[in-house]
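Coordinate inspection notes
Each chain, letter by letter, is given below.
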Amino acid sequence: MEILLIGLLMLTGLTLGVLGSYFFRVPRVVGYILAGIVFAPDFLGGPLAVETTGWTQSIVAVTLGIIAYLIGGAATVSQLRQLGWMIVSATLGKVSGSFLAVLVGFALLGATVADVPAWTLALLLAAIATTTAPAAIMAIIHQYRARGPLTTALMAMVALDDALALVIFSLILAAIESTGFAAAIPAIIWEIVAAIGLGVAGGYALERATRYLPEPELKLVALLGVIILLTGLADAWHFSPLLAAMALGFSTRLFAGAHSEPLFRPLEQLQEVVFVLFFTLAGLHFAPAVVLSHAGLIVLYFLLRAGGQIVGAFIGAKLAGAPRVISHNVGLIMLPQGGVAIGMALMLTGVPSLEESALLIINIVTATTLLTETFGAVATRFGLSRAGELGQAGETAKTKESA
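Residues numbered from 1 in each chain as written. Predicted model: local features only at pLDDT ≥ 70, side-chain atom pairs only at ≥ 80, totals over all residues. Heavy atoms only, no water.

**Points about the nonpolar core**
Operational definition: For the purposes of this section, nonpolar cores are sets of buried Ala, Val, Leu, Ile, Met, Phe, Trp, Tyr and Cys residues that join through side-chain atoms within 4.5 Å. Each residue gets one of three labels from its accessible area relative to the maximum for its type: buried under 20%, exposed over 50%, partly exposed in between, using a 1.4 Å probe on protein chains only. Strands are runs of DSSP state E lasting at least two residues, helices are runs of H or I lasting at least four, and both sets are numbered from the N terminus onward. Contacts were defined at the residue level, with two residues in contact if any of their heavy atoms lie within 4.5 Å.
Counting 116 residues, the largest nonpolar core has Tyr-69, Met-86, Phe-106, Leu-124, Ile-128, Phe-279 and Leu-348 as the members making the most contacts within it. Looking at which element gives the most residues to this core, the answer is helix α7 (residues 149-176), with 16 residues. Residues within four places of Phe-106 in sequence aside, it is in contact with Ala-111, Ala-122, Leu-125, Leu-297, Leu-300, Tyr-301 and Leu-304. Among the nonpolar cores identified, the runner-up in size contains 6 residues, and Leu-5, Leu-9, Val-50 and Leu-281 belong to it.

Below, the structure written as structure tokens:
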């Protein structure tokens with residue numbers, strides 16, 4: 001049944017994605033998400049006996065690992081050197097803006113879910129609000145062939161953003177579990193350093209090994225094998241698979257230097273397949289009952305996070321002297337939120353004090369994620385369009401060919 005469902009998801013996702021892009025000018029990822037919703041358990045998934053647990057997790061982990069690898073390799077060292085302080089400042093502004101807006105908003109309203117106290121819920125949602133969805137942003141950049149200073153900065157910011165989100169969420173979780181911030185810091189540092197170290201070691205080994213594989217087809221097998229192995233090791237050793245895969249992509253680009261393109265081009269040709277799988281599976285988690293019963297909380301969270309990060313990223317970018325094309329668009333472009341946020345919500349099931357209400361929080365975050373993925377994808381396209389960077393990758397390629 002799972003194999004049948006994957007075939008239906010891919011073909012339905014392709015159809016809705018292409019039609020939506022052609023007739024309504026929306027990113028294809030919106031159609032992919034809608035295709036997943038169509039086959040959710042409360043809709044067509046009911047007669048097909050669709051279940052969203054177990055088999056979907058492995059596919060999502062692999063697709064997210066591939067996306068993280070491509071993001072890690074999207075920016076070169078020279079580009080980061082040129083944009084370094086601006087990237088750090090804008091990311092800190094975006095993260096702090098979204099965190100504070102959601103924290104203050106929910107704390108002032110005193111909103112509660114199940115038996116979760118208002119401050120606990122506010123802290124948890126504020127920590128989750130700091131994450132950004134690399135998959136949605138990468139899909140839109142790929143579809144519209146975006147290139148420019150904003151796109152370059154965006155790739156580096158997504159990587160740094162999710163690393164900071166991991167730290168913040170781990171600290172909040174430690175405080176809720178009463179282990180304290182101080183006790184949690186060494187473990188968090190170890191997790192980040194170990195994930196980056198694992199990625200760098202994998203990048204070095206990958207670059208060396210693929211020298212003996214001249215055919216692109218063999219390079220593709222090696223790339224997929226290393227990404228899946230690294231993601232599995234990180235998960236088994238309780239590191240961040242996302243951070244490890246990003247470090248793998250960055251270090252591979254660094255070690256390969258001018259000869260790095262053959263280590264990314266084979267995967268780039270598979271990107272659309274990866275995006276269809278990732279977003280249709282995300283849509284399977286749609287639960288209308290949760291959306292209807294907690295619609296107010298979902299909309300509030302979306303608005304607070306969006307407003308906080310747009311203002312925060314603008315201030316952070318301005319403080320670093322970023323050009324207008326970056327400061328006025330970067331917060332809007334980073335609205336999508338996906339697998340990382342859901343992964344954080346799933347971690348709550350291991351917290352004894354949140355055991356009874358964790359499932360409800362997971363469903364709220366999942367429903368909110370579908371909202372941010374859909375409207376956030378449109379916002380990302382709008383921001384890149386306003387910056388004048390849509391289609392620039394194609395123009396650059398034509399210029400090189402004519403030269």
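**Re unusual backbone geometry**
Phi at Arg-25 takes a positive value of approximately 60°, unusual for a residue other than glycine. Mapped onto the fold, Arg-25 is located in the loop between α1 (2-24) and α2 (28-38). Taking relative accessible area as the criterion, Arg-25 reaches 62% and is therefore assigned exposed. Despite not being glycine, His-238 shows a phi value in the positive range, around 65°. Assignment of secondary structure puts His-238 in the loop between α9 (216-236) and α10 (241-256).

**Things to note about α2**
Within α2, 9 of the 11 residues are buried, which leaves it mostly tucked inside the rest of the structure. The complete set of buried residues in α2 reads Arg-28, Val-29, Val-30, Gly-31, Tyr-32, Ile-33, Ala-35, Gly-36 and Ile-37.

**Regarding the layout of surface pockets**
The cut-off we apply is this: Two kinds of site are reported from a 1 Å grid over the protein atoms alone, namely cavities, where a 1.4 Å probe fits but cannot get out, and pockets, open sets with protein on both sides within 12 Å along at least five of seven lines, and residues are called lining when an atom falls within 4 Å of a point. Grid points are joined across faces, edges and corners, and a volume is the space filled by probe spheres set on the points. Gly counts as polar in this scheme, as do all residues outside two lists: the nonpolar Ala, Val, Leu, Ile, Met, Phe, Trp, Tyr, Cys and Pro, and the charged Asp, Glu, Lys and Arg.
If you add up the space inside the second largest pocket, you get close to 960 Å³. If you trace the second largest pocket, you find 24 residues lining it, with Ala-146, Arg-147, Glu-261, Glu-268 and Ala-393 closest to the centre. Of all the elements in the fold, those that place two or more residues in the lining of the second largest pocket are α6 (134-144), α7, α11 (265-268) and α19 (392-402). For the lining of the second largest pocket, the class distribution of residues is 9 nonpolar, 8 polar and 7 charged.

**What about the pattern of salt bridges?**
Rule in force here: Salt bridges are defined by distance alone: a side-chain nitrogen of Lys or Arg within 4 Å of a carboxyl oxygen of Asp or Glu.
A full pass over the atoms with the stated rule returns 5 salt bridges. Its salt-bridge partner being Arg-211, residue Glu-207 comes within 3.0 Å of it at the nearest N-O pair. When salt bridges that share partners are traced, they join Glu-207, Arg-208 and Arg-211 into one network.

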